[in-house]
Amino acid sequence: WKQSSGKMSASSAGCLCCQRPPSAQRPAVQCEHCSDAFYCSNDCREVHASEHAKACQGQKAKASKGKKSQLPKEELLKPIEKKGDVPEVTLQELSDCQSSGKLWIGCMGRVFDVTGSEFYGAAGNYSSFVGKDTSVALGKMKFNKEYFDPAAMHWRRDLDEKELNILNDWMVKFADKYPLVGYIKDE
């Protein structure tokens, strides 16, 4: 059964659970994940849910969209393949970036230019990330001062596999959105 313009039209034999057609007293109920399954009631939909889940393309798409592939720690710690035309940046140069009107953040050995993003500007929620290597803080999702100091805690040394994957997700987001302007020296 499909609903179009407020009217029901038959597209199958009836309810996927009990085969009864919908009625005025029992209007058709659609699967909340796809447009392929119809039931005569919420009760029938709930009873049939586990059976339908095996074939429901909507549930499969939702499940795969939410899952991110987890990389092994060894893969995440491989040396960075640096582009020849991108310079190395010291932590001091990263820290001093604002004095030249730039907003840079360090993440996983890379430096991204977030200038122009309202999130990182003076009034932005992430302004405290500017001029810092954010790697450990982002990997651990903890933003105390010590997590922004690579001498105290370094992403290569102090993050476990789960935290490295979280950090990698952040790095990929930055790489997709912001220009790469450098590599952190001694990485």
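Residues numbered from 1 in each chain as written. Predicted model: local features only at pLDDT ≥ 70, side-chain atom pairs only at ≥ 80, totals over all residues. Heavy atoms only, no water.

For this particular structure, what's the right way to read the sheet that holds strand S6 (residues 104–107)?
By definition, the strands of a sheet pair up through backbone hydrogen bonds, in either a parallel or an antiparallel sense. Overall, mixed pairing links the 4 strands, which are arranged S5-S8-S7-S6 in an open sheet. Whereas interior strands pair on both sides, the edge strands pair on one side only; in this sheet they are strand S5 (88–89) and S6. Strand direction decides the pairing type here: S6 and strand S7 (residues 110–113), joined by 4 bridges, are antiparallel. Along S7, the bridge assignment pairs Cys-107 with Arg-110. Contacts between helix H7 (residues 161–177) and the sheet are confined to S6 and S7, with S6 contributing the most and set at about 140° to the helix. (Pairing = 2+ DSSP bridges. Helix = DSSP H or I, 4+ residues; strand = E, 2+ residues; numbered from the N terminus. Contact = heavy atoms within 4.5 Å. Axes fitted to C-alpha atoms, helices over the stretch in contact; angles between N-to-C directions.)

Would you explain the nonpolar core in this entry?
Note that soluble globular proteins tend to have their nonpolar side chains buried in a common cluster. Membership of the largest hydrophobic core comes to 29 residues, with the highest contact counts inside it found for Cys-107, Tyr-120 and Phe-174. Elements represented by at least two residues in this core include exactly S6, S7, helix H5 (135–140) and H7. Discounting residues that sit within four places of it in the chain, Phe-174 has contacts with Ile-105, Cys-107, Phe-112, Tyr-120 and Leu-138. Counting residues in each nonpolar core, the second largest holds 8 residues, with Cys-31, Ala-37, Tyr-39 and Cys-56 among its members. (Core = buried A, V, L, I, M, F, W, Y, C linked by side-chain atoms within 4.5 Å. Buried < 20%, exposed > 50% of the residue type's maximum accessible area, 1.4 Å probe, protein only.)

So what exactly am I meant to see when it comes to H7 here?
Along an α-helix, a turn takes 3.6 residues, which lines up residues three or four apart on a common side. When the terminal C-alpha atoms of H7 are compared, their 24 Å separation across 17 residues agrees well with the 24 Å that a helix rising 1.5 Å per residue should span. For H7, every residue scored as buried is listed here: Glu-163, Leu-164, Asn-165, Leu-167, Asn-168, Met-171 and Phe-174. In this fold, the buried residues of H7 make contact with helix H3 (73–76), S6, S7, H5 and helix H6 (155–158). Measuring from the side-chain oxygen of the N-cap residue of H7 to the backbone nitrogen of Lys-162 gives 3.2 Å; that N-cap residue is Asp-160. (Expected span 1.5 Å × (residues − 1). Polar contact = N/O pair within 3.5 Å; in protein donor to acceptor, adjacent residues only side chain to side chain.)

I keep staring at helix H1 (residues 42–53) and nothing clicks. Help me out?
For H1, which comprises 12 residues, the first-to-last C-alpha distance of 15 Å matches the rise-based estimate of 16 Å (1.5 Å per residue) to within 8%. Every buried residue of H1 is accounted for by Cys-44, His-48 and His-52. For H1, the angular spread of the buried residues around the axis is 60°, confining them to a single face. Residues of H1 that are exposed and point more than 90 degrees away from the buried face comprise Asp-43, Glu-46, Val-47 and Ser-50. (Arc of directions from axis to C-beta.)

Looking at this structure, how should I read the pairing of S6?
A regular strand places its side chains so that they alternate between the two faces of the sheet. Because side chains alternate across S6, one face comprises the buried residues Trp-104 and Gly-106, and the other comprises Ile-105 and Cys-107, equally buried. What sits between the antiparallel neighbours S6 and S7 is a turn of 2 residues, in which Met-108 has the positive phi angle 55°.

Would you explain the packing of aromatic side chains in this entry?
Here a ring pair, both rings aromatic, is described through the centre-centre distance and the interplanar angle of the planes. As enumerated under the stated definition, the model contains 9 aromatic pairs in all. Taking the centre distance of 6.2 Å and the plane angle of 45° together, the rings of Phe-174 and Tyr-178 count as tilted. In textbook terms, an aromatic cluster arises when at least three aromatic residues are bridged by ring pairs, as seen for Phe-112, Phe-119, Tyr-120, Tyr-126, Phe-129, Phe-143, Phe-148, Trp-170, Phe-174 and Tyr-178. When the ring centre of Phe-148 is taken as reference, the NZ or CZ atom of Lys-132 above it lies at 5.9 Å. Taking NZ or CZ as reference, Lys-173 lies 5.0 Å from the ring centre of Trp-170, over its face. (Phe/Tyr/Trp six-rings, centres within 6.5 Å; stacked < 30°, edge-to-face > 60°. Lys NZ or Arg CZ within 6 Å of the ring centre and 35° of its normal.)

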